[in-house]
Amino acid sequence: MSMPSQTPTAPQPFVTPAKLGPFRPKRLIIGLILLALALYPGFVGSLTRELIFDAYTQVSAFVAATLLLFYGAEKLFKFDIGQSLKNAKGFQVPLAALLGATPGCGGAVVVVAAYTSGNVGFGAVVATLTATMGDAAFLLIATRPDAALVILPLSFAVGIITGWLVDFFHAGDILPDTSAQCELAPRIGKTRVKDWVYFAIAIPGLILGVSQLFQIEYEAFLGIDPVLIGLVGAFVGVFIWATSSLQAMTHNQDSPITRMAEETSFISIWVIGAYLAYDYLVAFTGLDLEALFAAVAPLLPLIGILIGFVPGCGPQVLVTTLYINGLVPFAAVIGNAISNDGDALFPAIALNPKAAVLATAYSAIPAVIVAYGFYLLAPNFMN
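Report follows, based on the coordinates. No experiment lies behind these values; they were computed from the predicted model shown.

### Considering the overall build of the chain
Across its full length, the chain holds 17 helices and zero strands. Expressed as a percentage of its 383 residues, the buried residues of the chain come to 49%. Taking the intrachain contacts of the chain between residues at least 6 apart in sequence as the baseline, contacts between residues at least 24 apart amount to 82%.

Below, the structure is given as structure tokens:
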């Protein structure tokens, strides 16, 4: 018996909160391991608590403030970035590079989505992926603002030049596959209790972070041990990350508080991981990383560039952490900043693999030129 024909239904634009899916077991396991290490008695627990506190007050609190400011302004002024890119015409490449240079991966993801929708050219994609430093930018701004003031504008300028060159040599011959359009993130919906809790703890966390910058010591903050505030804030973030069905990015129609809580929590996990990895390695192995890296010094810029090819922000945060600790030169971190695409590479690969591979390959060229330019001509710059 033949089945009656059915008219295909349009895809649902959002995933409702009830369909976001179960908790992620792997994330929960990681969260429990971090909690066990923090509660462990003796040196291990003391070191872990100190590092998690530093990661939260030195980076996470500043990330939360930056994201809330950015998303809040976007919501308040109803600024549609995608439409602005479409209307920018000759200014698409500079605007795309500016979005890429914005700390985090949100701006670059928007440009990738706009390319897949046919609203911007391929040069804009190369510009944003070249200019972006991803989540590692937050870490650099919080710990080495002097270096950030050089790297971010330089990446922005290199992104513009590279994007224009790509458009000149590939005018109209690398077109987007608009059939691959999809939602980059499900919508969460209304602001949740855990989002408000994270916001409330981030306020004293930011105050503590600013106090550290100005070397103001607090034995107690509002009658509470500052370390406890940092640990609670960090583990609320771990809980949000461990119970989230999002990959990394949030939907632009969610509230600024929700977006801040989700994305800061995701970034914080990588920052905590980088902090722990470095200090654990030094404390428990006795390995002289400085001597080890000094032995392969000429290769460090190239290694930084190659790590930049790895999708995601975790490896890039680790490179920045090594730079902050004086183990790799400025040339390595600037090379990594130009070559890395952050989380924007994930949707780029999913939506248009050919364009993603080509864009990443093109970003490697200026990365090599700039990185080894600094290494050979100004080896001690910002070190």
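### Examining the side chain of threonine 321
Checked against the element boundaries, threonine 321 lands in helix H14 (residues 314-324). Classification of threonine 321 by relative accessible area gives buried; the value is 3%. Sequence-distant contacts of threonine 321, that is, excluding residues within four places in its chain, are made with Leu139, Ala274 and Tyr278.

### As for the environment of glycine 304
Along the chain, glycine 304 turns up in helix H13 (residues 300-308). For glycine 304, a relative accessible area of 3% puts it in the buried group. Separated by 31 residues in the primary sequence, glycine 304 and glycine 335 place their C-alpha atoms 6.0 Å from one another. In this view, glycine 304 contacts Ala332, Asn336 and Ser339; residues no more than four positions away in its chain are not counted.

### Regarding helix H5 (residues 106-116)
Because an α-helix packs 3.6 residues into every turn, residues spaced three or four apart end up facing the same way. Of all eleven residues in H5, nine are buried, a share of seventy percent or more. Buried within H5 are the following residues: Gly106, Gly107, Ala108, Val109, Val111, Val112, Ala114, Tyr115 and Thr116. Note on H5: the residue one or two positions beyond its end, glycine 118, has a positive phi of about 80°.

### What to know about the packing of aromatic side chains
Tallied over the entire structure, the rule returns eleven aromatic pairs. Pairing tryptophan 196 with phenylalanine 199 gives two aromatic rings, centres 6.1 Å apart and planes at 80°, and the pair type is edge-to-face. Taken as a pair, tryptophan 196 and phenylalanine 199 lie in helix H9 (residues 193-213) at a separation of three residues, close to a single helical turn. Residue class for tryptophan 196 comes out partly exposed when judged on its relative accessible area of 46%. Using a relative accessible area of 25% as the deciding quantity, one classes phenylalanine 199 as partly exposed. Where phenylalanine 374 meets phenylalanine 381, the ring centres are 5.5 Å apart and the plane angle is 25°; that geometry is what we call stacked. On the basis of relative accessibility, which here comes to 18%, the residue phenylalanine 374 falls in the buried class.

### Description of a nonpolar patch on the surface
Nonpolar side chains collect at one region of the surface, where Val296, Leu299, Leu302, Ile303, Leu306 and Phe309 lie side by side and expose about 450 Å² of accessible area between them. Position of leucine 306 among the secondary structure elements: in helix H13. The exposure class assigned to leucine 306 is partly exposed, which follows from its relative accessible area of 45%.

### Topic: the pattern of salt bridges
If charged atoms from side chains of opposite charge come close, those side chains can pair. For the structure shown, the criterion picks out three salt bridges. One salt bridge in this structure joins aspartate 195 and arginine 192, with 2.8 Å as the shortest N-O distance. Ionic pairing is found between arginine 192 and glutamate 262, a salt bridge with its closest N-O pair at 2.8 Å. Taken as a pair, arginine 192 in the loop between helix H8 (145-169) and H9 and glutamate 262 in helix H11 (residues 256-285) lie far apart in primary sequence, 70 residues in all. With respect to burial, arginine 192 and glutamate 262 carry one shared label: buried.

### Details of the packing of H8 against helix H15 (residues 330-339)
Packing of H8 against H15 leaves a shortest axis separation of 10 Å and a crossing angle of 45°. Judged by the angle between their axes, H8 and H15 are oblique. Here the hand of the crossing between H8 and H15 comes out right-handed. Together, Val150, Ile151, Leu154, Ser155 and Val158 of H8 and Phe330, Val333, Ile334, Ala337 and Ile338 of H15 make up the contact between the two elements. For the contact of H8 with H15, the class distribution of residues is nine nonpolar, one polar and no charged.

### Details of the nonpolar core
Within soluble globular proteins, side chains that are nonpolar tend to cluster in buried spots. Met133 and Ile151 are the most contacted members of the largest nonpolar core, which totals 91 residues. For methionine 133, the residues in contact, after removing those within four places along its chain, are Gly100, Leu140, Ile151, Leu152, Thr320, Val333, Ala337 and Asn340. Listed in part, the six residues of the second largest apolar core include Val93, Ala101, Ala127 and Ile160.

### Some details on the packing of H13 against H15
Look at H13 against H15: their axes get within 7 Å of each other, and the N-to-C directions meet at 25°. Viewed along their axes, H13 and H15 adopt a mutual orientation that is roughly parallel. Note on packing geometry: the crossing formed by H13 with H15 is right-handed. Each of Leu300, Pro301, Gly304, Ile305, Ile307 and Gly308 in H13 lies in contact with H15, whose residues at this interface are Ala331, Ala332, Gly335, Asn336 and Ser339. For the contact of H13 with H15, the residue count by class is six nonpolar, five polar and no charged.

So, how was this worked out
- Residues numbered from 1 in each chain as written.
- Predicted model: local features only at pLDDT ≥ 70, side-chain atom pairs only at ≥ 80, totals over all residues.
- Heavy atoms only, no water.
- Helix = DSSP H or I, 4+ residues; strand = E, 2+ residues; numbered from the N terminus.
- Buried < 20%, exposed > 50% of the residue type's maximum accessible area, 1.4 Å probe, protein only.
- Contact = heavy atoms within 4.5 Å.
- Phe/Tyr/Trp six-rings, centres within 6.5 Å; stacked < 30°, edge-to-face > 60°.
- Patch = residues over 30% accessible without salt bridge, like charges linked within 9 Å, V, L, I, M, F, W, Y side chains within 5 Å.
- Areas by Shrake-Rupley, 256 points an atom, 1.4 Å probe, with all protein chains shown as cover.
- Salt bridge = Lys/Arg side-chain N within 4 Å of Asp/Glu carboxyl O.
- Axes fitted to C-alpha atoms, helices over the stretch in contact; angles between N-to-C directions.
- Parallel < 35°, antiparallel > 145°, perpendicular 65-115°, else oblique.
- Left-handed = near helix turned anticlockwise from the far one by under 90°.
- Nonpolar A, V, L, I, M, F, W, Y, C, P; charged D, E, K, R; others polar.
- Core = buried A, V, L, I, M, F, W, Y, C linked by side-chain atoms within 4.5 Å.

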